[in-house]
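Breakdown of the fold
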Amino acid sequence: KRLSSQPPPPRVLRLVSPNTRRGLEGDYILEQERPNGQPLWRHTGGAYWFFSTPKGRWSIAGEDVAAEGFSRSSGWICQEMYHGGLTPDNSPSGWMFWDGSGFLVDVSVEVMAPEQNVNCRACLPPVADGQNDPDNCSSLFSNTNRCFASWRNVFSRSRSM
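The text that follows walks through the structure, step by step, so that each part is easy to find. Per-chain numbering applies: the sequence of each chain, read as written, is numbered from 1 onward. Thresholds applied to this predicted model are a pLDDT of at least 70 for local features of residues and 80 or more for the giving and counting of side-chain atom pairs; totals over whole chains, interfaces and linings are not thresholded and use all residues. Think of the side-chain values as coming from all heavy atoms in the structure, minus any hydrogens and water.

**Re the overall build of the chain**
Where we set the bar: Each helix is a run of DSSP H or I of at least 4 residues and each strand a run of E of at least 2, with the numbering of both proceeding from the N terminus. Partly exposed residues are those whose accessible area sits between 20% and 50% of the maximum for their type, while under 20% is buried and over 50% is exposed, using a 1.4 Å probe and protein chains only. We call two residues in contact when some of their heavy atoms are within 4.5 Å. Under the convention used here, a 1.4 Å probe and the Shrake-Rupley method define accessible areas, while residue burial counts only the protein chains that appear.
A count of helices and strands for the chain gives two helices and nine strands. In the chain, the succession of helices and strands from N to C terminus is β-β-β-β-β-α-β-β-β-β-α. The burial tally for the chain puts 46% of its 161 residues in the buried class. The long-range fraction of contacts in the chain, counting pairs at least 24 apart against all pairs at least 6 apart in sequence, stands at 45%. Surface exposure of the chain reaches about 8,500 Å², of which carbon and sulfur atoms provide 50%.

**Quick look at the packing of aromatic side chains**
Heads up, the condition is: Stacked, edge-to-face and tilted are the three classes for Phe, Tyr and Trp ring pairs, Trp counted by its six-membered ring, which pair at centre distances within 6.5 Å; planes under 30 degrees apart are stacked, over 60 edge-to-face, the rest tilted. In this scheme, the term charge over a ring applies when either NZ of a lysine or CZ of an arginine sits within 6 Å of the ring centre and within 35 degrees of the ring normal.
Under the criterion given, the structure shown has eight aromatic pairs. Aromatic side chains F50 and W95 sit 5.9 Å apart centroid to centroid with 85° between the ring planes, which places their arrangement in the edge-to-face category. Of this pair, F50 sits in strand 4 (residues 49-52) while W95 sits in strand 7 (residues 95-98), and the two are 45 residues apart along the sequence. This pair shows no difference in class: F50 is buried, exactly as W95 is. For the pair F51 and F70, a centre-to-centre distance of 5.0 Å together with 40° between the ring planes defines the contact as tilted. In this pair, F51 is assigned in strand 4 and F70 in the loop between helix 1 (63-67) and strand 6 (77-79), connecting sequence segments 19 residues apart. Like F51, the residue F70 is buried in the burial classification. An aromatic cluster is present here, built from Y28, W41, F50, W58 and W95 joined pairwise through their rings. Over the aromatic face of Y82 sits the side chain of R57, whose NZ or CZ is 4.5 Å from the ring centroid.

This is the structure we're talking about:
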């Protein structure tokens, strides 16, 4: 279910995912259909859809899942946690990709709403002192700040280097 205090879903989602299946990266446009009661976005250059699984995780799948009305939890990229009604660009969950034999966590996945993220770096908190913990800084971001998911992935990458 969508949280009533949440803004409407973005018209465009942008996926950056250098480690996953070729062709999945790029822009996804909001569709009218609402499978599983959630928004649906279609890739601008291919037969891929960003959808909510019946169990409540955002996922990206192809024609086989679309043909079944998005009624199964399947895809090449999916969230680690349930989204709780938050859109993919707002959800703090990490992402996983299918490598052919199982799902692997991938901190390089970024999902953003480009029309709302004109300058996402402007919302990054200072990290030079090393005091910011990505699990304890949600108070820095409001529900309408669409930079949280991108910031969390950037911070996670910088900590792993």
